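Observations on chain architecture
One-letter residues, chain by chain:
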Amino acid sequence: MNVTYEHKPEMTLIGFSTSIRPEEGYIKCPQFWEEECEAAEIVSTMMITGII
């Protein structure tokens, strides 16, 4: 199977009509990224401590 990746200059979130370029993600959606980073830190801590 051949896979071809196509460069996209911006992304469109499903259910939203606004396009956000990757470099503007945190600027336009800080709450989303702060919540995602917090969740990632929790999972990372759990993995390090052996909880999961």
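By convention here, each chain's residues receive numbers from 1 onward along its written sequence. Whole-chain, interface and lining totals are the exception, using all residues; otherwise, since this is a predicted model, local features are given only for residues with pLDDT of at least 70 and side-chain atom pairs are given and counted only at 80 or more. Side-chain metrics rest on all non-hydrogen atoms present in the structure, leaving aside hydrogens and water.

1. Comments concerning the overall build of the chain
Let me state the cut-off plainly: Put simply, DSSP marks the helices as runs of H or I at least four residues long and the strands as runs of E at least two long, and each gets a number from the N terminus on. Only protein chains enter the accessibility calculation, which uses a 1.4 Å probe; a residue whose area is less than 20% of its type maximum is buried, one above 50% is exposed, and one in between is partly exposed.
Across its full length, the chain holds two helices and two strands. In the chain, the order of α-helices and β-strands from amino to carboxyl end is β-β-α-α. The burial tally for the chain puts 6% of its 52 residues in the buried class.

2. Focus: the confidence of the model for the chain
Convention followed: Per-residue confidence from the prediction method is given by pLDDT, with values spanning 0 to 100.
The predicted model of the chain has a mean per-residue pLDDT of 77, with 88% of residues at 70 or higher. Taken element by element, the predicted model of the chain shows its lowest mean pLDDT in strand β1 (residues 11–12) (68) and its highest in helix α2 (residues 30–49) (81).

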